[in-house]
Amino acid sequence: MTEQKLTWKEKIFYTTPNDDRSRMRTVANNLILHIHPTKVAKPALRFSYTWGLGGISSVLVMFLILTGVLLMFRYDASVENAYTSIQYLETQVAFGALIRNIHHWSANLLVVTSFLHLIRVFLTGGFKKGRALNWALGLFLLTLVLAFNFTGYLLPWDQLAYWAITVGTSLLSYVPLVGTAVSNFLLGGPEVGQTTLRNFYAIHVAVLPAILILAMSFHFWRVRKDGGISQPEPGERERVEKVTTIPHLVQIELAATAVLTVVILVWAIFVPAPLEALANPSHPPNPAKAAWYFMGLQELLLHMHPLAAMLLPLTLFIGIALLPKLDTQEDNIGIYFRSHKGRFAALFGALIGTILVPLAVLLDEYWLDLPGLFPTWPTLITTGLIPLLATLAMFGLIYGYFRKAGKLNHSEAIVGLFSFIMTSFVTLTLIGIFFRGANMALVLPF
Amino acid sequence: MTTQENNLSRRDFLKLGIGALSALAVLEMGGVSLFFMQPRSLVGEFGGIVNAGPVDSFPAGSVVEFPDGRFFLIHAPDGGFLAVYSRCTHLGCTISWEADKNQFFCPCHASSFSTTGDVQNPPAPRALDLFAITIEEGQLLVNTGSITQRDRFTTDQLTYA
Ligand code: HEM
Ligand code: FES
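Quick caveat, the model's predicted, so the values are computed rather than measured. (Residues numbered from 1 in each chain as written. Chains lettered and ligands numbered in written order. Predicted model: local features only at pLDDT ≥ 70, side-chain atom pairs only at ≥ 80, totals over all residues. Heavy atoms only, no water.)

(A) View of the sheet that holds strand β7 (residues 112-113) of chain B. Residue and element names in this part refer to chain B. Spatial ordering of the open sheet is given by β5-β6-β7-β8, a layout of four strands whose pairing is antiparallel. Each edge of the open sheet is held by one strand with a lone partner, namely β5 (96-98) and β8 (119-121). Relative to β8, β7 runs antiparallel, the two sharing two bridges. Bridge assignment links S112 to a residue of β8, and that residue is N121. (Pairing = 2+ DSSP bridges. Helix = DSSP H or I, 4+ residues; strand = E, 2+ residues; numbered from the N terminus.)

This is the structure we're talking about:
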């Protein structure tokens, strides 16, 4: 064989063959690589299309499993020893704090990346053209991610853990019919205790990982079965260029994984995962806040009857799951915001969300007192039904406004409404995180 | 012809049999798991009856906390007793007694309750839950296994010595 001059790309991938056919064969025959097709559409590789969010989430799941297994060797799921085993981990075990920090921050980041992934899939219409099942699967994955965080939260058995889970499981008992049974099962007693800790541990390290791995495999397989990720419709006589997976896709994935590894590692080295005082069932901390990603829900709870505060997100969740049925216009698939007008609608929706939500919070905090106005009515109506219906009516109004005044089509108006709902949710979360102080009173963070 | 039909129906029979047996097996395993996962009975928790002490050790108008029994003993100005569960009726945080403001307060979502356990400030949806009180030979016995929910305070909830 004659000496070849190698490009830097070939050097990095020096073990891979450098003709297209053997590259394709490598992908098809490799255990890990074969989740990919042998060739991918070139436009699908644009980073500014997917932002790599699904891939980043997958890598985070990998980090979580690796560090989680390590943590299991040092953690003790008993009320007496859980907290000390974490303290021991933090101070005595070599790299104990580092492993815990990686696990903690990866879990937090995963909530962010899977949420952003959902937003990106929505904005590009990635749920269209036969992708309804994968959209639903994705929502299921998001629920799993939240369930992981909820169950993992209790394990350190510190004040934060104890009271967040107390509030979370009490919330369950407001669910009609099954709520009390599920909450009793999870708690295994009248309050958060040893049985609760053991239940949560089993769910966190065995039940959820098994389901997650199955569901993720299903999710990836569906992406391929749906003909790869969504793309704009090619024009009349246009042909979409296809390139081989090695190196074009694999290279991006490796680079993203490397960057993510460095970011997480540096973050974990410098920012310790929080650990508060040992759980004390007779004294909640003040303020007793939920984990940050549940703070939007917590803020809702300050304003609404628990049943309403749960019905509202539930309604939205069902609405989002049904999106493929609600927005069936297929010719705008693969285009961010559907169209130029859709982009405007999203911007406008976000704007009214960031303005209306703080106003509504202030109004309810300082001025509006529905139970005081109608003292004889049950709170289920005054703080439950009335605000719930008002919120839903607001959604209807905004959609109607986009259709009538904005002269948008159905698909674009949904983008505006979705943007309003998501920014409202994020704004509520930010209010809960930064503007609630002692006694849950409104305060300025600075 | 007939043998073929017979063959087919035998195959169908076996298929049906396997299907039915599998379904039965799944049901059984499901049933076993359900029973296995059953929470143990919740009746009579918190060690049951707590002796709070002699009746006359609580001056009228006093509020005394019993952290292990998870309740506050309230001696109303008119002489009646109430034992309120220290669990907030909103979402289960532990309330504390603020003597200077004469109210119970929950730090989780800022509910407050009056000396009789009535809601002063939502989001709590109903007054604090009650434990049953009996008085035997001058001793106040609080049954922490028997929880009563109520919407608001009424005088018939008081127990007199
Ligand atoms: C554990 C969390 C998740 C992981 C690991 C994951 C992983 C992935 C990956 C690797 C892709 C390929 C494209 C890309 O990278 O963007 C993808 C696509 C997709 N995901 Fe997810 N995902 C998760 C959660 C979700 C959620 C919350 C949703 C939304 C409800 C969702 C819906 C979809 C859909 C519909 C596609 C196809 C998108 C298209 O064709 O444009 N996934 N996912
Ligand atoms: S738990 Fe007491 S106010 Fe919410």
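That shown, we press on.
(B) Inspection of the nonpolar core at higher detail. Core analysis: the biggest nonpolar cluster contains 88 residues, and A:Y75, A:L154, A:W157, B:I95 and B:F104 have the highest contact counts within it. When we break this core down by domain, the ones giving at least three residues each are domain 1 (36-285) and domain 2 (286-446) of chain A. If we skip the residues at most four places from it in the chain, A:Y75 touches A:A82, A:S85, A:I86, A:L155, A:L197 and A:Y201. Among the nonpolar cores identified, the runner-up in size contains 19 residues, and A:I119, A:F122, A:F127 and A:I320 belong to it. (Core = buried A, V, L, I, M, F, W, Y, C linked by side-chain atoms within 4.5 Å. Buried < 20%, exposed > 50% of the residue type's maximum accessible area, 1.4 Å probe, protein only. Domains from an automatic or database assignment. Contact = heavy atoms within 4.5 Å.)

(C) Looking closely at the pattern of salt bridges. All names here are of chain A. This model, assessed by the stated rule, comprises 11 salt bridges over all chains. For R222, the salt bridge identified is with D226, shortest N-O distance 2.7 Å. Each member of the pair, R222 together with D226, is buried. Here E299 makes a salt bridge to R436, at a shortest N to O gap of 2.7 Å. One end of the pair, E299, is in helix α12 (residues 295-303); the other, R436, is in the segment after α18 (410-434), and 137 residues separate them in sequence. By relative accessible area, E299 is classed as buried at 1%. Salt bridges linked by common partners bring K128, D327 and R338 together as one network. (Salt bridge = Lys/Arg side-chain N within 4 Å of Asp/Glu carboxyl O.)

(D) Just the coordination of the iron atom of ligand 1, in detail. All names here are of chain A. In the first shell of the iron atom of ligand 1, the protein supplies H117 (NE2) and H219 (NE2), at 2.0 to 2.2 Å from the metal. Given six donor atoms and angles of 84 to 178 degrees at the metal, the environment of the iron atom of ligand 1 is assigned as octahedral. In this pair, H117 sits in helix α6 (residues 96-123) while H219 sits in helix α10 (residues 194-225), placing the two residues 102 residues apart along the sequence. Residues H117 and H219 agree in their burial class; the two are buried. (Donors = N, O, S within 2.8 Å, 3.2 Å for Na, K, Ca; no water. Tetrahedral: all angles 85-135°; square planar, octahedral: opposite > 155°, others 65-115°.)

(E) Examining the domain arrangement of chain A more closely. Residues and elements named next belong to chain A. For chain A, the assigned domains are domain 1 (36-285) and domain 2 (286-446). Opposite the 37 residues of domain 1 that make contact, domain 2 presents 36 residues. Of the roughly 3,200 Å² buried between domain 1 and domain 2 on both sides combined, carbon and sulfur atoms contribute 74%. Looking only at domain 1, the three residues that lose the most surface to domain 2 are F122, L123 and K128, adding up to 21% of its buried area. (Buried area = accessible area lost by both parts, 1.4 Å probe.)

(F) Inspection of empty space enclosed by the protein at higher detail. Overall, the coordinates contain three cavities of 30 Å³ or more when judged by the stated rule. Space inside the largest cavity adds up to approximately 100 Å³. Lining the largest cavity are 13 residues, and of these A:E191, A:P281, B:R87, B:G92 and B:T94 lie nearest its centre. Ranked by residue count, the leading element in the lining of the largest cavity is helix α8 (residues 159-172) of chain A, at three residues. Residue composition of the lining of the largest cavity, grouped by class: six nonpolar, four polar and three charged. (1 Å grid on protein atoms, 1.4 Å probe; cavity = no way out; pocket = protein on both sides within 12 Å on 5 of 7 lines; lining within 4 Å. Points joined across faces, edges and corners; volume = space filled by probe spheres on them. Nonpolar A, V, L, I, M, F, W, Y, C, P; charged D, E, K, R; others polar.)

(G) How the structure looks around the site of ligand 1. All names here are of chain A. As a structural note, the neighbourhood of ligand 1 is formed by 24 residues, with H117, R131, G138, H219 and S230 the closest of them. Between G54 and ligand 1, the recorded distance is 3.4 Å, taken from a backbone N or O atom to an oxygen atom. When contributions to the shell around ligand 1 are tallied by element, the ones reaching two or more residues are α4 (53-72), α6, α7 (132-154) and α10. The leading source of residues in the shell around ligand 1 is α7, at seven residues. Residues belonging to the shell around ligand 1 are distributed by class as follows: 10 nonpolar, 12 polar and two charged. (Near = heavy atom within 4 Å. Polar contact = N/O pair within 3.5 Å; in protein donor to acceptor, adjacent residues only side chain to side chain.)

(H) Representation of the interface of chain B and chain A. Of the residues lining the interface, 23 residues belong to chain B; the matching set on chain A comes to 30 residues. Buried surface at the junction of chain B and chain A, summed over both partners, amounts to about 2,300 Å²; 61% is from carbon and sulfur atoms. Among the residues of chain B in contact with chain A, B:L91, B:P107 and B:H109 are the three that bury the most area, contributing 23% of the side total. Across the pair B:R70 and A:E191 runs a salt bridge whose closest N-O atoms are separated by 2.6 Å. Split into classes, the residues belonging to the side of chain B that touches chain A amount to 13 nonpolar, five polar and five charged.

(I) The arrangement of the sheet that holds strand β2 (residues 63-66) of chain B in detail. All names here are of chain B. On the basis of which strands lie adjacent, the open sheet formed by six strands has the order β1-β10-β9-β4-β3-β2 and antiparallel pairing. The sheet terminates laterally at β1 (49-54) and β2, the two strands that pair on one side only. Here the strands of the sheet are splayed against their neighbours by 30 degrees on average, with no regard to which way each runs. Examined bridge by bridge, strand β3 (residues 71-75) and strand β4 (residues 81-85) share five bridges and lie antiparallel to one another. In the sheet register, L73 faces β4, and the bridge partner there is A83. (Axes fitted to C-alpha atoms, helices over the stretch in contact; angles between N-to-C directions.)

(J) Local environment of the packing of aromatic side chains. All names here are of chain A. Counting across every chain of the model gives 28 aromatic pairs over all chains. Here the aromatic rings of F395 and F420 are separated by 6.1 Å at their centres, their planes lie at 75 degrees, and the arrangement is edge-to-face. Taken together, the positions of F395 in helix α17 (residues 379-404) and F420 in helix α18 put the pair 25 residues apart, joining distant regions of the chain. Since its relative accessible area comes to 13%, F395 is described here as buried. (Phe/Tyr/Trp six-rings, centres within 6.5 Å; stacked < 30°, edge-to-face > 60°.)

(K) Representation of α8(A) within the structure. Between its first and last C-alpha, α8(A) extends 20 Å over 14 residues, near the 20 Å set by a 1.5 Å rise per residue. Within α8(A), 12 of the 14 residues are buried, leaving the element largely enclosed by the surrounding structure. (Expected span 1.5 Å × (residues − 1).)

(L) Representation of the confidence of the model for chain B. Residue-level pLDDT values for chain B average 82, and 90% of them are 70 or greater. Overall fold confidence (pTM) sits at 0.86, and the ipTM for the predicted complex is 0.77. (pLDDT = per-residue confidence, 0-100.)

(M) Up close: the state of the cysteines. Residues and elements named next belong to chain B. In this structure the tally under the stated criterion is one disulfide over all chains. Put simply, C93 and C108 are joined by a disulfide, and their sulfur atoms are 1.9 Å apart. Here C93 and C108 share a disulfide; its torsion about the S-S bond, -80 degrees, makes the bridge left-handed. Taken together, the positions of C93 in the loop between β4 and β5 and C108 in the loop between β6 (103-105) and β7 put the pair 15 residues apart, joining distant regions of the chain. (Disulfide = S-S within 2.5 Å.)

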